[in-house]
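Listed here are the chains, written in short residue letters.
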Amino acid sequence: MIVKPIKTLEFNELLLNLKNQFSDYLVYPLNSFPQKSILVKKSGTLGAQVSLHNHQILVDACCPNLLLSGLIGFLSTVFPPYSKFESQIADFLKKEYS
């Protein structure tokens, strides 16, 4: 999902807001290339990757476990828990930044 914030947003601000909002989950930065991302991990098999790119926030459901991600990668786009978790994160971001 794509969220278009109405104000300029800094990576660290987004990270802190996600940590505050989803304090029951593990929220941490990924030093991925070409852009940094934030992983919101609900469980070993359910998470969401949040990235800032071209004044947009991109939210993608993912499997945070590297061993399982290849097996579940395709299913994460259509499996209800993944899309529901992605929507939960995107709804918060829309409310907070749009």
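Everything here concerns the structure above.
In this report, we go over the structure that sits alongside the text. (Residues numbered from 1 in each chain as written. Predicted model: local features only at pLDDT ≥ 70, side-chain atom pairs only at ≥ 80, totals over all residues. Heavy atoms only, no water.)

1. Points about the overall build of the chain
So, point 1. When helices and strands are tallied, the chain shows three helices and five strands.
So, point 2. Taken from N to C terminus, the helices and strands of the chain fall in the order β-α-β-β-β-β-α-α.
So, point 3. Restricting to contacts in the chain with at least 6 residues of sequence separation, those with at least 24 account for 48%.
So, point 4. Approximately 6100 Å² of the chain is accessible, and the part contributed by carbon and sulfur atoms is 57%. (Helix = DSSP H or I, 4+ residues; strand = E, 2+ residues; numbered from the N terminus. Contact = heavy atoms within 4.5 Å. Areas by Shrake-Rupley, 256 points an atom, 1.4 Å probe, with all protein chains shown as cover.)

2. Section: helix α3 (residues 80–97)
So, point 1. Between its first and last C-alpha, α3 extends 25 Å over 18 residues, near the 26 Å set by a 1.5 Å rise per residue.
So, point 2. Looking only at α3, the buried set comprises Y82, F85, E86, I89, A90, F92, L93 and Y97. Looking straight down α3, one finds its buried side chains confined to an arc of 155 degrees; they lie on one side. Across α3 from its buried face, at more than 90 degrees, point the exposed residues P80, K84 and K95. (Expected span 1.5 Å × (residues − 1). Buried < 20%, exposed > 50% of the residue type's maximum accessible area, 1.4 Å probe, protein only. Arc of directions from axis to C-beta.)

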